[in-house]
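Take a look at the letters that make up each chain.
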Amino acid sequence: MNFFEKLFPENFRFFSEVVRNSSSSRAYIFWGPDGIGKLSFAKFFARSFLCGTMPPCGFCSQCVFEEHPDILVVSRKEGDERLKAEYIREAIRFARFQPYSFFKFIIFSEAHLMTQQSFSALLKAIEEPKQYVTYILVTSKIDFIPPTILSRCIRVRFFPKDFNTFVMEKLKGKFQNENFVSLVQKIAFANPSIIDMIDSEEEFSKIWEMIESAVAEKPEFKSNFVNLVEYYIDQDREKARKFLDVFEVFLLSNAEKFKSSSIIFWEKLKKARIMLDTYFMNPKFVLASIIF
Ligand SMILES: [Zn+2]
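Keep in mind the model is a prediction, meaning the values are calculated, not measured.

Student: I'd love a proper account of the pairing of strand 2 (residues 71-74), names of residues and values included.
Tutor: Relative to strand 3 (residues 104-108), strand 2 runs parallel, the two being bridged by 4 bridges. Of the residues in strand 3, the one forming a bridge with I71 is F105. Each parallel crossover has a hand, and the one from strand 2 via helix 4 (residues 85-96) to strand 3 is right-handed.

As structure tokens, this is what we get:
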């Protein structure tokens with residue numbers, strides 16, 4: 001059985017039908033938690049469609065390409081915070097030319113990171129359809145996609161079928177400490193990408209130390225937190241996100257212990273996320289705001 005068939009049986013069946021009938025819709029939105037394989041599935045579907053069978057046969061004239069010329073993946077370039085309008089315009093130019101085969105796919109990774117201009121450019125593109133183009137938006141934050149775009153897409157939800165096995169497979173070999181394994185398992189349920197994001201047990205223990213310093217009441221722990229942020233997070237937005245993810249799960253699983261103060265922390269985390277990902281403030285200051 002194909003890997004994707006095991007992981008997302010319903011979606012596999014649905015798109016097998018699309019491939020068999022060789023009739024793809026104008027636009028899809030693939031949504032679900034980070035790190036579970038939505039983008040890979042989008043590429044897999046596109047390759048299958050061009051081949052004519054799902055999974056792709058692997059030896060026909062369409063399958064010979066390592067990178068198929070009719071599949072474009074638009075993603076954020078390194079150092080960019082958002083998916084800029086210029087990338088969307090580039091994609092629209094790509095759509096303008098006749099396909100090499102008979103069809104084109106344009107896949108947007110992290111679609112929620114588009115700017116207002118990006119969304120408007122995309123909307124125009126979807127509204128003036130070329131018969132041979134399918135757009136696939138991939139996102140973990142469907143709430144960030146404007147309704148004008150959503151209403152023109154077929155929504156496809158992704159969630160691994162046997163989630164625990166999926167997580168345990170990924171954790172294998174990465175963590176030895178049993179406490180950490182069970183903690184990471186809990187966190188992964190809220191955000192599966194955490195397993196890919198955290199590179200080592202050492203990194204996880206650093207994050208854990210930060211959380212314990214942040215919630216401690218003694219002032220000297222607070223200064224420890226500030227030191228850890230300075231030393232470990234510095235300007236790294238991705239690490240700051242990881243910290244917030246882990247912190248959220250920590251609060252969820254310790255709600256009893258913190259009672260009313262856990263609500264205060266929730267509010268602070270919510271604000272921190274907005275500062276981090278909407279206003280793009282300095283990660284160091286964002287995290288420091290949690291304890292003051
Ligand atoms: Zn093929």
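Student: Before we move on, could you go through the sheet that holds strand 1 (residues 27-31) and cite the residues and values that matter?
Tutor: Strand order in the open sheet formed by 5 strands is 2-3-4-1-5, and the pairing between neighbours is parallel. The open sheet has two edge strands, strand 2 and strand 5 (154-157), and neither has a second partner. Neighbour-to-neighbour, the strand axes of this sheet turn through a mean angle of 20°, independent of strand direction. Judged from the 5 bridges that link them, strand 3 and strand 4 (residues 133-139) form a sheet pairing that is parallel. Residue pairing across strands places I106 opposite Y135, the latter belonging to strand 4. Contacts from helix 4 reach strand 2, strand 3 and strand 4, with the element oriented near 170° to strand 3. Those strands touched by helix 5 (residues 116-127) are strand 1, strand 3 and strand 4, and its axis lies near 145° from that of strand 4.

What counts and what doesn't
- Residues numbered from 1 in each chain as written.
- Predicted model: local features only at pLDDT ≥ 70, side-chain atom pairs only at ≥ 80, totals over all residues.
- Heavy atoms only, no water.
- Pairing = 2+ DSSP bridges.
- Helix = DSSP H or I, 4+ residues; strand = E, 2+ residues; numbered from the N terminus.
- Right-handed = clockwise from strand over helix to strand, strands pointing away.
- Axes fitted to C-alpha atoms, helices over the stretch in contact; angles between N-to-C directions.
- Contact = heavy atoms within 4.5 Å.

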